Amino acid sequence: MKRFPLNGELRSTEPEHPREECGVFATASVANVSVDIFYALRVLQHRGQESAGIAVYNHEGIKCIKGMGLAHQALKNEDIQSPKGDLGIGHVRYSTVGSSTISNAQPFVVSTNYGDIALAHNGEMVNSDKIMDELKKKGWAFITSSDSEIIVRLLANDISNTGDPVRALKNVMSTIQGAYSLAIMVDNRVFAVRDPFGFRPLCVGRTKTGYAAASESVVFDTLGGEFIRDVEPGEIVELLPGEIRSTKTGLAKGRAHCMFEWVYIARADSVIEQKLVYEVRRRIGERLAKEQPVDADVVVPIPDSGRSHAMGYAEGSGIRYSEGLMKNRYVERTFIMPDQSDRTTGVMLKLNPLKSIIKDKRVVLVDDSIVRGTTMRKIVQLVRNAGAKEVHVRVGSPPIIAPCYFGIDMKTRDQFAATGRTVKEIEKMITADSLGYISIEGLVDAIGLPAGDLCLACLTEEYPVAVPGEKVRFQKKLDSFT
Ligand code: SF4
(Lines give C-alpha, C1' and ligand atoms only; values in the text may rest on other atoms or scores of the structure.)
Protein backbone atom coordinates (compact mmCIF):
# COMPACT_ATOMS: atom_id res chain seq x y z
CA MET A 1 0.00 0.00 0.00
CA LYS A 2 1.39 3.36 -0.99
CA ARG A 3 0.65 6.43 1.04
CA PHE A 4 2.12 9.90 1.35
CA PRO A 5 3.47 11.03 4.75
CA LEU A 6 1.06 13.25 6.63
CA ASN A 7 2.14 16.67 7.86
CA GLY A 8 4.55 16.40 10.74
CA GLU A 9 4.82 12.65 10.45
CA LEU A 10 8.18 11.30 11.44
CA ARG A 11 9.45 8.21 9.71
CA SER A 12 12.48 6.17 10.64
CA THR A 13 15.52 7.86 9.15
CA GLU A 14 17.72 4.85 9.52
CA PRO A 15 16.11 1.62 8.37
CA GLU A 16 18.33 -1.35 9.10
CA HIS A 17 16.64 -3.41 6.41
CA PRO A 18 14.16 -2.89 3.61
CA ARG A 19 10.65 -3.05 5.06
CA GLU A 20 7.68 -4.93 3.77
CA GLU A 21 4.54 -2.87 3.65
CA CYS A 22 1.74 -5.31 4.50
CA GLY A 23 0.37 -8.82 4.98
CA VAL A 24 -3.12 -10.06 4.00
CA PHE A 25 -5.42 -12.96 4.83
CA ALA A 26 -8.84 -14.07 3.54
CA THR A 27 -11.00 -17.02 4.53
CA ALA A 28 -14.36 -18.74 3.98
CA SER A 29 -15.50 -21.25 6.54
CA VAL A 30 -18.42 -23.11 8.08
CA ALA A 31 -17.52 -21.62 11.48
CA ASN A 32 -16.82 -18.17 12.91
CA VAL A 33 -13.60 -16.86 11.31
CA SER A 34 -12.57 -13.87 13.42
CA VAL A 35 -10.25 -15.84 15.72
CA ASP A 36 -8.56 -17.59 12.76
CA ILE A 37 -8.01 -14.20 11.14
CA PHE A 38 -6.50 -12.83 14.35
CA TYR A 39 -4.06 -15.77 14.57
CA ALA A 40 -3.17 -15.37 10.89
CA LEU A 41 -2.35 -11.70 11.48
CA ARG A 42 -0.10 -12.61 14.39
CA VAL A 43 1.75 -15.03 12.11
CA LEU A 44 2.08 -12.32 9.45
CA GLN A 45 3.15 -9.71 12.00
CA HIS A 46 6.67 -9.43 10.53
CA ARG A 47 5.07 -7.96 7.39
CA GLY A 48 3.65 -4.95 9.24
CA GLN A 49 3.56 -3.62 12.78
CA GLU A 50 1.82 -0.28 12.51
CA SER A 51 -1.82 -1.36 12.43
CA ALA A 52 -4.01 -4.42 12.15
CA GLY A 53 -7.60 -4.96 11.10
CA ILE A 54 -10.26 -7.62 10.61
CA ALA A 55 -13.44 -7.46 8.50
CA VAL A 56 -16.05 -10.21 8.89
CA TYR A 57 -19.26 -10.82 6.93
CA ASN A 58 -22.54 -11.93 8.47
CA HIS A 59 -26.20 -11.44 7.58
CA GLU A 60 -26.02 -7.84 8.82
CA GLY A 61 -23.24 -6.96 6.35
CA ILE A 62 -19.51 -6.44 6.86
CA LYS A 63 -18.25 -5.56 10.36
CA CYS A 64 -14.73 -4.17 10.63
CA ILE A 65 -12.43 -3.64 13.61
CA LYS A 66 -8.98 -2.12 13.37
CA GLY A 67 -6.45 -0.40 15.54
CA MET A 68 -2.89 0.83 15.81
CA GLY A 69 0.07 -1.30 16.83
CA LEU A 70 0.77 -5.01 16.78
CA ALA A 71 -2.21 -7.31 16.15
CA HIS A 72 -2.66 -8.14 19.84
CA GLN A 73 -2.49 -4.45 20.78
CA ALA A 74 -4.70 -3.24 17.92
CA LEU A 75 -7.40 -5.90 18.36
CA LYS A 76 -8.59 -6.54 21.90
CA ASN A 77 -9.85 -9.96 22.96
CA GLU A 78 -13.46 -8.88 23.37
CA ASP A 79 -13.37 -7.15 19.94
CA ILE A 80 -12.03 -10.26 18.25
CA GLN A 81 -14.91 -12.34 19.60
CA SER A 82 -17.60 -9.81 18.71
CA PRO A 83 -17.83 -9.67 14.91
CA LYS A 84 -19.12 -13.15 14.21
CA GLY A 85 -19.25 -14.39 10.65
CA ASP A 86 -18.06 -17.19 8.42
CA LEU A 87 -16.30 -15.05 5.80
CA GLY A 88 -13.57 -12.57 6.53
CA ILE A 89 -10.34 -10.82 5.66
CA GLY A 90 -7.47 -9.33 7.68
CA HIS A 91 -4.55 -6.99 7.22
CA VAL A 92 -1.36 -5.93 8.98
CA ARG A 93 0.33 -2.75 7.93
CA TYR A 94 3.99 -1.92 8.19
CA SER A 95 5.57 0.18 10.86
CA THR A 96 6.48 3.84 10.74
CA VAL A 97 7.59 6.01 13.59
CA GLY A 98 5.65 8.93 15.05
CA SER A 99 2.16 10.09 14.28
CA SER A 100 0.51 7.64 11.96
CA THR A 101 -3.26 7.45 11.80
CA ILE A 102 -6.05 4.94 11.92
CA SER A 103 -7.42 6.31 8.62
CA ASN A 104 -4.74 4.40 6.74
CA ALA A 105 -5.34 1.14 8.62
CA GLN A 106 -7.04 -1.59 6.61
CA PRO A 107 -9.32 -3.32 5.67
CA PHE A 108 -11.01 -0.43 3.86
CA VAL A 109 -14.77 -0.90 3.84
CA VAL A 110 -17.25 0.89 1.54
CA SER A 111 -20.98 0.52 0.97
CA THR A 112 -22.46 0.10 -2.49
CA ASN A 113 -25.91 -0.67 -3.85
CA TYR A 114 -24.57 -4.22 -4.44
CA GLY A 115 -23.54 -4.63 -0.79
CA ASP A 116 -20.52 -3.84 1.38
CA ILE A 117 -17.00 -4.23 0.01
CA ALA A 118 -13.88 -4.73 2.17
CA LEU A 119 -10.32 -4.68 0.85
CA ALA A 120 -6.88 -5.52 2.24
CA HIS A 121 -3.88 -4.75 0.02
CA ASN A 122 -0.22 -5.76 0.03
CA GLY A 123 1.90 -4.04 -2.59
CA GLU A 124 2.02 -0.71 -4.36
CA MET A 125 0.57 0.63 -7.60
CA VAL A 126 2.78 2.53 -10.02
CA ASN A 127 -0.03 4.40 -11.82
CA SER A 128 -2.03 5.48 -8.76
CA ASP A 129 -1.25 9.20 -9.12
CA LYS A 130 -2.45 9.22 -12.70
CA ILE A 131 -5.65 7.32 -11.90
CA MET A 132 -6.39 9.48 -8.85
CA ASP A 133 -5.92 12.70 -10.85
CA GLU A 134 -8.25 11.43 -13.57
CA LEU A 135 -10.90 10.37 -11.08
CA LYS A 136 -10.70 13.65 -9.14
CA LYS A 137 -11.26 15.53 -12.39
CA LYS A 138 -14.43 13.48 -12.82
CA GLY A 139 -15.58 14.57 -9.36
CA TRP A 140 -14.57 11.54 -7.31
CA ALA A 141 -13.58 12.28 -3.70
CA PHE A 142 -11.04 10.36 -1.64
CA ILE A 143 -10.64 10.11 2.14
CA THR A 144 -7.00 8.98 2.11
CA SER A 145 -4.15 9.36 -0.35
CA SER A 146 -3.51 5.63 -0.50
CA ASP A 147 -3.51 3.57 -3.64
CA SER A 148 -5.57 0.92 -1.80
CA GLU A 149 -8.50 3.33 -1.60
CA ILE A 150 -8.31 3.77 -5.38
CA ILE A 151 -8.68 0.01 -5.82
CA VAL A 152 -11.69 -0.27 -3.52
CA ARG A 153 -13.44 2.71 -5.11
CA LEU A 154 -12.83 1.49 -8.67
CA LEU A 155 -14.18 -1.90 -7.62
CA ALA A 156 -17.24 -0.38 -5.94
CA ASN A 157 -17.99 1.69 -9.00
CA ASP A 158 -17.63 -1.25 -11.40
CA ILE A 159 -19.74 -3.61 -9.29
CA SER A 160 -22.47 -1.01 -9.00
CA ASN A 161 -22.57 -0.90 -12.81
CA THR A 162 -22.11 -4.59 -13.65
CA GLY A 163 -23.33 -6.45 -10.56
CA ASP A 164 -20.64 -9.03 -11.25
CA PRO A 165 -17.72 -9.08 -8.76
CA VAL A 166 -15.42 -11.28 -10.89
CA ARG A 167 -15.95 -9.14 -13.97
CA ALA A 168 -15.41 -6.01 -11.89
CA LEU A 169 -12.17 -7.43 -10.46
CA LYS A 170 -10.93 -8.19 -13.97
CA ASN A 171 -11.76 -4.67 -15.11
CA VAL A 172 -9.96 -3.14 -12.14
CA MET A 173 -6.93 -5.40 -12.72
CA SER A 174 -6.65 -4.19 -16.28
CA THR A 175 -6.63 -0.56 -15.05
CA ILE A 176 -4.21 -0.68 -12.13
CA GLN A 177 -0.50 -1.41 -12.62
CA GLY A 178 2.15 -2.56 -10.18
CA ALA A 179 2.22 -4.87 -7.19
CA TYR A 180 -0.93 -6.08 -5.47
CA SER A 181 -1.86 -9.13 -3.50
CA LEU A 182 -5.44 -8.52 -2.38
CA ALA A 183 -7.90 -10.02 0.07
CA ILE A 184 -11.38 -8.82 -0.84
CA MET A 185 -14.92 -9.35 0.39
CA VAL A 186 -17.75 -8.32 -1.87
CA ASP A 187 -20.94 -8.69 0.14
CA ASN A 188 -21.07 -12.45 0.91
CA ARG A 189 -18.22 -13.51 -1.39
CA VAL A 190 -14.52 -13.55 -0.59
CA PHE A 191 -11.64 -13.39 -3.09
CA ALA A 192 -7.84 -13.47 -3.23
CA VAL A 193 -6.21 -11.67 -6.15
CA ARG A 194 -2.57 -11.53 -7.27
CA ASP A 195 -1.22 -9.01 -9.76
CA PRO A 196 -0.20 -10.17 -13.26
CA PHE A 197 3.52 -10.26 -12.34
CA GLY A 198 3.13 -11.91 -8.93
CA PHE A 199 5.40 -9.37 -7.21
CA ARG A 200 4.25 -10.11 -3.68
CA PRO A 201 3.51 -13.63 -2.46
CA LEU A 202 -0.02 -14.98 -2.02
CA CYS A 203 -1.07 -18.58 -1.53
CA VAL A 204 -4.15 -20.67 -0.82
CA GLY A 205 -4.70 -23.53 1.58
CA ARG A 206 -7.16 -25.40 3.78
CA THR A 207 -8.03 -24.46 7.32
CA LYS A 208 -9.76 -26.85 9.74
CA THR A 209 -13.15 -25.47 8.71
CA GLY A 210 -12.75 -24.10 5.20
CA TYR A 211 -10.38 -22.47 2.72
CA ALA A 212 -8.12 -19.46 3.03
CA ALA A 213 -5.56 -17.29 1.25
CA ALA A 214 -2.56 -15.73 2.95
CA SER A 215 0.53 -13.70 2.16
CA GLU A 216 2.68 -16.59 3.39
CA SER A 217 2.25 -20.36 3.65
CA VAL A 218 3.38 -20.42 7.30
CA VAL A 219 -0.12 -19.23 8.25
CA PHE A 220 -1.54 -22.65 7.34
CA ASP A 221 0.95 -24.40 9.64
CA THR A 222 -0.24 -22.27 12.55
CA LEU A 223 -3.94 -22.69 11.81
CA GLY A 224 -3.53 -26.48 11.71
CA GLY A 225 -4.39 -26.40 8.02
CA GLU A 226 -2.62 -27.31 4.83
CA PHE A 227 -0.89 -25.20 2.21
CA ILE A 228 -2.21 -26.00 -1.28
CA ARG A 229 -0.49 -23.72 -3.80
CA ASP A 230 0.57 -20.20 -4.73
CA VAL A 231 -2.05 -17.99 -6.34
CA GLU A 232 -0.92 -17.60 -9.97
CA PRO A 233 0.05 -14.17 -11.26
CA GLY A 234 -3.08 -12.56 -12.70
CA GLU A 235 -5.39 -15.09 -11.00
CA ILE A 236 -8.62 -14.39 -9.10
CA VAL A 237 -9.42 -17.08 -6.52
CA GLU A 238 -12.85 -17.22 -4.91
CA LEU A 239 -12.83 -18.92 -1.51
CA LEU A 240 -15.84 -20.97 -0.42
CA PRO A 241 -16.14 -23.15 2.67
CA GLY A 242 -15.90 -26.33 0.58
CA GLU A 243 -13.88 -25.36 -2.49
CA ILE A 244 -11.77 -22.76 -4.26
CA ARG A 245 -12.75 -21.40 -7.67
CA SER A 246 -10.12 -19.99 -9.99
CA THR A 247 -10.49 -17.40 -12.72
CA LYS A 248 -7.47 -16.75 -14.94
CA THR A 249 -7.69 -13.21 -16.24
CA GLY A 250 -5.21 -13.64 -19.09
CA LEU A 251 -3.45 -10.49 -17.86
CA ALA A 252 -0.21 -12.23 -16.77
CA LYS A 253 2.70 -10.95 -18.84
CA GLY A 254 5.65 -12.75 -17.29
CA ARG A 255 6.64 -13.20 -13.70
CA ALA A 256 8.49 -10.79 -11.43
CA HIS A 257 8.57 -12.28 -7.94
CA CYS A 258 10.36 -9.97 -5.49
CA MET A 259 13.77 -11.49 -4.70
CA PHE A 260 13.73 -9.72 -1.31
CA GLU A 261 10.97 -12.00 -0.05
CA TRP A 262 13.52 -14.83 0.01
CA VAL A 263 16.46 -12.67 1.09
CA TYR A 264 14.85 -10.97 4.07
CA ILE A 265 11.12 -10.20 4.11
CA ALA A 266 9.32 -13.54 4.37
CA ARG A 267 9.54 -15.85 7.35
CA ALA A 268 12.21 -18.51 6.99
CA ASP A 269 9.60 -21.25 7.42
CA SER A 270 7.43 -20.03 4.53
CA VAL A 271 7.40 -21.63 1.08
CA ILE A 272 7.15 -19.23 -1.87
CA GLU A 273 6.93 -20.55 -5.42
CA GLN A 274 7.89 -24.00 -4.10
CA LYS A 275 11.10 -22.65 -2.50
CA LEU A 276 11.46 -22.90 1.27
CA VAL A 277 12.78 -19.50 2.35
CA TYR A 278 15.15 -20.98 4.95
CA GLU A 279 16.78 -23.23 2.32
CA VAL A 280 17.22 -20.32 -0.08
CA ARG A 281 18.93 -18.26 2.63
CA ARG A 282 21.22 -21.14 3.53
CA ARG A 283 22.14 -21.61 -0.16
CA ILE A 284 22.82 -17.86 -0.43
CA GLY A 285 25.29 -18.20 2.45
CA GLU A 286 26.97 -21.22 0.86
CA ARG A 287 27.33 -19.43 -2.45
CA LEU A 288 28.60 -16.32 -0.68
CA ALA A 289 31.32 -18.42 0.96
CA LYS A 290 32.46 -19.64 -2.47
CA GLU A 291 32.28 -16.21 -4.10
CA GLN A 292 33.68 -14.19 -1.19
CA PRO A 293 36.06 -16.42 0.79
CA VAL A 294 38.18 -15.12 3.65
CA ASP A 295 40.62 -16.57 6.18
CA ALA A 296 38.82 -16.27 9.50
CA ASP A 297 38.18 -18.02 12.83
CA VAL A 298 34.46 -17.61 13.36
CA VAL A 299 31.26 -16.84 11.40
CA VAL A 300 28.88 -14.60 13.39
CA PRO A 301 25.33 -13.80 12.20
CA ILE A 302 23.72 -10.44 12.70
CA PRO A 303 20.55 -11.63 14.44
CA ASP A 304 17.93 -12.45 13.51
CA SER A 305 17.87 -11.87 9.80
CA GLY A 306 21.45 -12.92 9.02
CA ARG A 307 21.23 -16.27 10.82
CA SER A 308 20.35 -18.65 7.95
CA HIS A 309 22.77 -16.88 5.59
CA ALA A 310 25.53 -17.20 8.20
CA MET A 311 24.84 -20.92 8.71
CA GLY A 312 25.19 -21.40 4.95
CA TYR A 313 28.41 -19.37 4.95
CA ALA A 314 29.83 -21.52 7.75
CA GLU A 315 28.88 -24.73 5.92
CA GLY A 316 30.30 -23.43 2.63
CA SER A 317 33.55 -22.18 4.14
CA GLY A 318 34.17 -24.76 6.87
CA ILE A 319 34.61 -21.91 9.38
CA ARG A 320 32.97 -22.42 12.78
CA TYR A 321 29.51 -20.78 13.31
CA SER A 322 28.93 -19.01 16.61
CA GLU A 323 26.27 -16.70 17.98
CA GLY A 324 28.61 -13.84 18.87
CA LEU A 325 25.94 -11.15 19.07
CA MET A 326 23.00 -11.42 21.45
CA LYS A 327 19.84 -9.59 20.51
CA ASN A 328 17.57 -7.84 22.98
CA ARG A 329 14.23 -9.04 21.65
CA TYR A 330 12.32 -6.45 23.69
CA VAL A 331 13.74 -3.47 21.81
CA GLU A 332 11.41 -3.17 18.86
CA ARG A 333 12.97 -2.60 15.49
CA THR A 334 11.57 0.90 15.07
CA PHE A 335 13.02 2.03 18.39
CA ILE A 336 14.53 5.51 18.31
CA MET A 337 16.82 6.80 21.02
CA PRO A 338 15.41 9.75 22.98
CA ASP A 339 18.73 11.45 22.25
CA GLN A 340 19.52 10.76 18.60
CA SER A 341 23.14 11.83 19.04
CA ASP A 342 23.76 8.74 21.19
CA ARG A 343 23.47 6.27 18.34
CA THR A 344 26.04 3.74 19.48
CA THR A 345 24.09 3.15 22.69
CA GLY A 346 21.06 2.51 20.48
CA VAL A 347 22.82 -0.35 18.72
CA MET A 348 24.15 -1.68 22.03
CA LEU A 349 20.61 -1.74 23.41
CA LYS A 350 19.70 -4.06 20.57
CA LEU A 351 22.91 -6.11 20.28
CA ASN A 352 25.46 -7.20 22.83
CA PRO A 353 28.70 -8.89 21.70
CA LEU A 354 29.88 -12.03 23.49
CA LYS A 355 33.51 -11.22 24.19
CA SER A 356 34.48 -14.85 24.79
CA ILE A 357 33.43 -15.67 21.20
CA ILE A 358 34.87 -12.58 19.55
CA LYS A 359 38.02 -11.55 21.44
CA ASP A 360 41.25 -12.04 19.46
CA LYS A 361 39.33 -13.69 16.62
CA ARG A 362 39.11 -12.97 12.91
CA VAL A 363 35.33 -12.56 12.63
CA VAL A 364 33.10 -12.92 9.54
CA LEU A 365 29.92 -10.91 10.19
CA VAL A 366 27.05 -12.06 7.95
CA ASP A 367 23.83 -10.15 7.23
CA ASP A 368 21.12 -10.37 4.58
CA SER A 369 21.50 -6.88 3.13
CA ILE A 370 22.97 -3.41 3.57
CA VAL A 371 20.69 -0.43 2.95
CA ARG A 372 22.36 2.69 4.35
CA GLY A 373 25.36 1.08 5.94
CA THR A 374 25.19 3.25 9.06
CA THR A 375 23.96 0.44 11.30
CA MET A 376 26.49 -1.99 9.83
CA ARG A 377 29.27 0.48 10.62
CA LYS A 378 28.16 0.60 14.27
CA ILE A 379 28.01 -3.18 14.50
CA VAL A 380 31.51 -3.49 13.03
CA GLN A 381 32.74 -1.05 15.66
CA LEU A 382 30.90 -2.94 18.39
CA VAL A 383 32.60 -6.18 17.38
CA ARG A 384 35.98 -4.47 17.16
CA ASN A 385 35.50 -2.95 20.62
CA ALA A 386 34.75 -6.46 21.90
CA GLY A 387 38.30 -7.40 20.91
CA ALA A 388 38.00 -8.83 17.39
CA LYS A 389 41.33 -8.97 15.58
CA GLU A 390 39.70 -8.53 12.17
CA VAL A 391 36.09 -7.91 11.07
CA HIS A 392 35.03 -9.13 7.61
CA VAL A 393 31.48 -8.38 6.42
CA ARG A 394 29.62 -10.67 4.02
CA VAL A 395 26.22 -9.74 2.61
CA GLY A 396 23.47 -12.04 1.28
CA SER A 397 22.15 -9.67 -1.36
CA PRO A 398 24.01 -7.73 -4.06
CA PRO A 399 24.37 -3.95 -3.57
CA ILE A 400 21.02 -2.13 -3.53
CA ILE A 401 21.25 0.73 -6.00
CA ALA A 402 17.70 1.62 -7.01
CA PRO A 403 14.34 2.39 -5.37
CA CYS A 404 11.50 -0.08 -5.03
CA TYR A 405 8.09 0.93 -6.37
CA PHE A 406 6.42 -2.40 -5.60
CA GLY A 407 5.76 -2.47 -1.89
CA ILE A 408 9.13 -2.36 -0.13
CA ASP A 409 10.06 0.82 1.70
CA MET A 410 13.21 1.84 -0.21
CA LYS A 411 12.25 4.98 -2.00
CA THR A 412 15.22 7.23 -2.75
CA ARG A 413 18.62 6.51 -4.26
CA ASP A 414 20.45 8.76 -1.82
CA GLN A 415 19.55 6.47 1.10
CA PHE A 416 21.62 3.59 -0.27
CA ALA A 417 25.24 2.96 0.78
CA ALA A 418 25.95 1.64 -2.73
CA THR A 419 24.77 4.78 -4.52
CA GLY A 420 27.87 6.32 -6.08
CA ARG A 421 30.24 4.12 -4.06
CA THR A 422 32.40 1.16 -5.03
CA VAL A 423 32.48 -1.90 -2.78
CA LYS A 424 35.91 -0.74 -1.56
CA GLU A 425 34.45 2.63 -0.64
CA ILE A 426 31.57 1.03 1.26
CA GLU A 427 34.09 -1.24 3.01
CA LYS A 428 35.94 1.87 4.17
CA MET A 429 32.69 3.58 5.18
CA ILE A 430 31.63 0.71 7.43
CA THR A 431 35.24 0.35 8.69
CA ALA A 432 35.41 -3.38 7.84
CA ASP A 433 38.67 -5.19 7.05
CA SER A 434 36.92 -6.60 4.01
CA LEU A 435 33.44 -6.52 2.48
CA GLY A 436 31.91 -8.98 0.04
CA TYR A 437 28.42 -9.18 -1.52
CA ILE A 438 26.86 -12.16 -3.27
CA SER A 439 26.64 -11.65 -7.06
CA ILE A 440 23.27 -11.29 -8.83
CA GLU A 441 23.95 -14.58 -10.62
CA GLY A 442 24.73 -16.27 -7.29
CA LEU A 443 21.53 -14.93 -5.74
CA VAL A 444 19.39 -16.09 -8.67
CA ASP A 445 20.99 -19.57 -8.54
CA ALA A 446 20.34 -19.77 -4.78
CA ILE A 447 16.67 -18.86 -5.20
CA GLY A 448 16.41 -21.51 -7.91
CA LEU A 449 14.04 -19.69 -10.30
CA PRO A 450 14.96 -18.27 -13.73
CA ALA A 451 16.21 -14.67 -13.53
CA GLY A 452 13.37 -13.67 -15.88
CA ASP A 453 10.82 -14.82 -13.27
CA LEU A 454 12.24 -12.52 -10.59
CA CYS A 455 12.11 -8.82 -9.88
CA LEU A 456 15.72 -7.69 -9.38
CA ALA A 457 15.05 -4.04 -10.13
CA CYS A 458 16.58 -2.57 -6.96
CA LEU A 459 19.83 -4.34 -7.96
CA THR A 460 19.75 -3.78 -11.72
CA GLU A 461 17.64 -0.63 -12.23
CA GLU A 462 15.60 -2.62 -14.77
CA TYR A 463 11.93 -2.55 -13.76
CA PRO A 464 9.42 -5.21 -14.82
CA VAL A 465 6.72 -2.53 -15.15
CA ALA A 466 7.20 0.89 -16.67
CA VAL A 467 7.94 3.44 -13.95
CA PRO A 468 8.31 7.03 -15.15
CA GLY A 469 12.03 7.88 -15.34
CA GLU A 470 13.25 4.30 -14.83
CA LYS A 471 14.62 1.70 -17.25
CA VAL A 472 12.30 -1.17 -18.18
CA ARG A 473 13.50 -4.76 -17.81
CA PHE A 474 15.40 -6.14 -20.83
CA GLN A 475 15.50 -2.65 -22.29
CA LYS A 476 19.10 -1.44 -22.47
CA LYS A 477 18.89 1.81 -24.41
CA LEU A 478 18.91 4.93 -22.29
CA ASP A 479 17.08 6.95 -24.92
CA SER A 480 14.05 4.67 -24.72
CA PHE A 481 13.41 5.14 -21.00
CA THR A 482 9.79 5.80 -20.17
S1 SF4 B 1 12.55 -3.52 -6.65
FE2 SF4 B 1 13.65 -4.91 -5.23
S3 SF4 B 1 12.49 -4.86 -3.33
FE4 SF4 B 1 11.16 -4.01 -4.93
S5 SF4 B 1 9.94 -5.71 -5.70
FE6 SF4 B 1 11.74 -5.59 -7.00
S7 SF4 B 1 13.25 -6.94 -6.03
FE8 SF4 B 1 11.65 -6.55 -4.53
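The rules behind these values
Residues numbered from 1 in each chain as written. Predicted model: local features only at pLDDT ≥ 70, side-chain atom pairs only at ≥ 80, totals over all residues. Heavy atoms only, no water. Helix = DSSP H or I, 4+ residues; strand = E, 2+ residues; numbered from the N terminus. Buried < 20%, exposed > 50% of the residue type's maximum accessible area, 1.4 Å probe, protein only. Contact = heavy atoms within 4.5 Å. 1 Å grid on protein atoms, 1.4 Å probe; cavity = no way out; pocket = protein on both sides within 12 Å on 5 of 7 lines; lining within 4 Å. Points joined across faces, edges and corners; volume = space filled by probe spheres on them. Nonpolar A, V, L, I, M, F, W, Y, C, P; charged D, E, K, R; others polar. Pairing = 2+ DSSP bridges. Axes fitted to C-alpha atoms, helices over the stretch in contact; angles between N-to-C directions. Salt bridge = Lys/Arg side-chain N within 4 Å of Asp/Glu carboxyl O. Arc of directions from axis to C-beta. pLDDT = per-residue confidence, 0-100. Parallel < 35°, antiparallel > 145°, perpendicular 65-115°, else oblique. Left-handed = near helix turned anticlockwise from the far one by under 90°.

I'd like a rundown of the overall build of the chain, residues and numbers included.
Counting secondary structure elements, the chain contains 16 helices and 26 strands. Looking at the 482 residues of the chain, the share that counts as buried comes to 58%. At a minimum sequence separation of 6, the contacts of the chain that also span at least 24 residues come to 69%.

Before we move on, can you summarise empty space enclosed by the protein with the specific residues and values?
The tally for this structure, following the rule as stated, stands at 2 cavities of 30 Å³ or more. The calculated volume of the largest cavity comes to roughly 100 Å³. The wall of the largest cavity is formed by 14 residues, among which Cys258, Cys404, Phe406, Cys455 and Cys458 lie closest to the centre. A class-by-class count of the residues in the lining of the largest cavity yields 13 nonpolar, no polar and 1 charged.

Let's hear about the sheet that holds strand β1 (residues 22-29): which residues, and what values?
Spatial ordering of the open sheet is given by β3-β2-β4-β1-β10-β9-β11, a layout of 7 strands whose pairing is antiparallel. At either margin of the open sheet sits one strand with a lone partner, and together these are β3 (61-68) and β11 (226-230). Sheet twist, expressed as the average angle between the axes of neighbouring strands with direction ignored, equals 15 degrees. Pairing of strand β2 (residues 51-58) with β3, which is carried by 8 bridges, proceeds in the antiparallel orientation. Following the sheet pairing, Ala52 is matched in β3 by Gly67. Each of β1, β2 and β4 (87-93) is contacted by helix α1 (residues 34-43), which is oriented at about 155 degrees to β2, the strand it contacts most.

Got a sec to walk through the pattern of salt bridges? Specific residues and values, please.
Within this structure, the stated rule accounts for 31 salt bridges. In this structure, Arg194 engages Glu273 in a salt bridge whose closest nitrogen and oxygen atoms are separated by 2.9 Å. Linking Arg194 in strand β8 (residues 189-194) with Glu273 in the loop between β15 (271-272) and β16 (275-276), this pair joins segments that are 79 residues apart in sequence. A relative accessible area of 8% places Glu273 in the buried class. For Arg245, the salt bridge is made with Glu243, and the minimal N-O distance between the two is 3.3 Å. Overall, Arg245 belongs to the partly exposed group, its relative accessible area being 42%. The class for Glu243 is partly exposed, based on a relative accessible area of 35%. A network of salt bridges, in which partner residues are shared, links Arg47, Arg200, Glu216 and Glu261.

With reference to specific residues and values, describe helix α4 (residues 128-137).
Ser128, Ile131, Met132 and Leu135 are the residues of α4 that are buried. Seen from one end, α4 has its buried residues packed into an arc of 100 degrees, which puts them on one side. In α4, the exposed positions that point more than 90 degrees away from the buried face belong to Lys130 and Lys137. Contacts made by the buried residues of α4 are with β6 (116-125), α5 (147-162) and α6 (165-175). One or two positions beyond α4, positive phi appears at Gly139, with a value near 100 degrees.

Provide a residue-level description of the confidence of the model for the chain, including the pertinent values.
The share of residues in the chain with pLDDT of 70 or more is 89%, and the mean pLDDT across the chain is 89. Within the model, the stretch residues 477-482 combines pLDDT values under 50 with 11 contacts to residues more than four positions away or in other chains.

Give a description of the packing of α5 against α6 that names residues and reports values.
Contact pair α5 / α6: the axes reach a minimum separation of 9 Å and the direction vectors enclose 135 degrees. The angle between α5 and α6 falls in the class oblique. As for the relative orientation of α5 and α6, their crossing is right-handed in sense. Across from Ile151, Leu154, Leu155, Asp158, Ile159 and Thr162 in α5, the residues of α6 making contact are Pro165, Arg167, Ala168, Leu169, Asn171, Val172 and Thr175. Residues belonging to the contact of α5 with α6 are distributed by class as follows: 8 nonpolar, 3 polar and 2 charged.

How would you explain the packing of helix α9 (residues 277-291) against helix α15 (residues 440-447) if you had to name every residue and give the values?
Two packed helices can be described by the angle between their axes and the distance between those axes. Two elements in contact, α9 and α15, have axes whose closest approach is 8 Å; the angle formed by their N-to-C orientations is 145 degrees. The way α9 lies across α15 gives a crossing that is right-handed. Where α9 approaches α15, its residues Val280, Arg283, Ile284, Arg287 and Glu291 are matched on the opposing element by Glu441, Gly442, Leu443, Asp445, Ala446 and Ile447. Looking at the contact of α9 with α15 residue by residue, the class counts come to 5 nonpolar, 1 polar and 5 charged.

Give me the lowdown on the sheet that holds strand β5 (residues 108-111), citing residues and values where you can.
The strand order across the open sheet formed by 6 strands is β5-β6-β7-β8-β12-β13, and the pairing between neighbours is antiparallel. Here the strands that pair on one side only, and so sit at the sheet edges, are β5 and β13 (244-248). Across the sheet, the mean angle from the axis of one strand to that of its neighbour is 20 degrees, orientation sign disregarded. Packing against the sheet, α5 makes contact with β5, β6 and β7 (178-186), and its axis sits at approximately 135 degrees to β6.

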